[in-house]
Amino acid sequence: MKDSPKVKAFSLEVRLTKLRLKHQTLKARIAREMKRPSPCSASLQMLKRQRLRIKDEIVSCAKRLHSLGHTTLAQREWI
């Protein structure tokens, strides 16, 4: 059974919200690491890569949501 467009849109909205929260969490972790006296470059690199992957997922999810005609969350800035 296929999901209705409303169910798909709702699922994408939930996913988009979770991704945005995850992105903000990573952003805060990066900021904390940068404030340390000797930030770990390996940790920073890993965190920044994760944040970039999440950003790409956010953009992709927003595009899919927009294609379903739900523009409220998709039109918002991705962050």
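Residues numbered from 1 in each chain as written. Predicted model: local features only at pLDDT ≥ 70, side-chain atom pairs only at ≥ 80, totals over all residues. Heavy atoms only, no water.

**Concerning the overall build of the protein**
Here's step 1: Check the secondary structure of the protein and you find three helices and zero strands.
Here's step 2: For the protein, the sequential pattern of α-helices and β-strands runs α-α-α.
Here's step 3: Taking all contacts inside the protein whose residues are at least 6 apart in sequence as the whole, residues at least 24 apart take part in 70%.
Here's step 4: Working note: accessible area of the protein is about 6000 Å², and carbon and sulfur atoms make up 56% of it. (Helix = DSSP H or I, 4+ residues; strand = E, 2+ residues; numbered from the N terminus. Contact = heavy atoms within 4.5 Å. Areas by Shrake-Rupley, 256 points an atom, 1.4 Å probe, with all protein chains shown as cover.)

**Let's talk about helix H1 (residues 5–35)**
Here's step 1: Taking 1.5 Å per residue, 31 residues should reach 45 Å; H1 reaches 45 Å between its end C-alpha atoms and fits that length.
Here's step 2: Listed in full, the buried residues belonging to H1 are Ala 9, Leu 12, Leu 16, Leu 19, Arg 20, His 23, Leu 26, Ile 30 and Glu 33. (Expected span 1.5 Å × (residues − 1). Buried < 20%, exposed > 50% of the residue type's maximum accessible area, 1.4 Å probe, protein only.)

**Some points on the nonpolar core**
Here's step 1: Core analysis: the largest hydrophobic core is formed by 13 residues, its most contacted members being Leu 16, Leu 19, Ile 54, Ile 58, Cys 61 and Leu 65.
Here's step 2: Of all elements in the fold, only H1 and helix H2 (41–67) reach the threshold of two or more residues within this core.
Here's step 3: The biggest single contributor to this core is H2, with seven residues. (Core = buried A, V, L, I, M, F, W, Y, C linked by side-chain atoms within 4.5 Å.)

**Regarding the pattern of salt bridges**
Here's step 1: All chains considered together, the criterion is met by two salt bridges.
Here's step 2: Between Glu 57 and Arg 15 there is a salt bridge, with the nearest N and O atoms lying 2.3 Å from each other. Residue Glu 57 is found in helix H2, and its partner Arg 15 is found in helix H1; the two are separated by 42 residues along the sequence.
Here's step 3: As a salt-bridge pair, Glu 33 and Arg 36 come within 3.1 Å of each other at their nearest N and O atoms.
Here's step 4: Look at Arg 36 and you get partly exposed, because its relative accessible area is 43%. (Salt bridge = Lys/Arg side-chain N within 4 Å of Asp/Glu carboxyl O.)

**Description of H2**
Here's step 1: Under the 1.5 Å per step criterion, the end-to-end length of H2 is 39 Å for 27 residues, consistent within 8% with the ideal 39 Å.
Here's step 2: Residues Leu 44, Leu 47, Ile 54, Ile 58, Cys 61, Ala 62 and Leu 65 constitute the buried set of H2.
Here's step 3: Immediately downstream of H2, the backbone of Gly 69 shows phi near 90°, a positive value.

Keep in mind that these numbers describe shape and distance, not what the molecule does.
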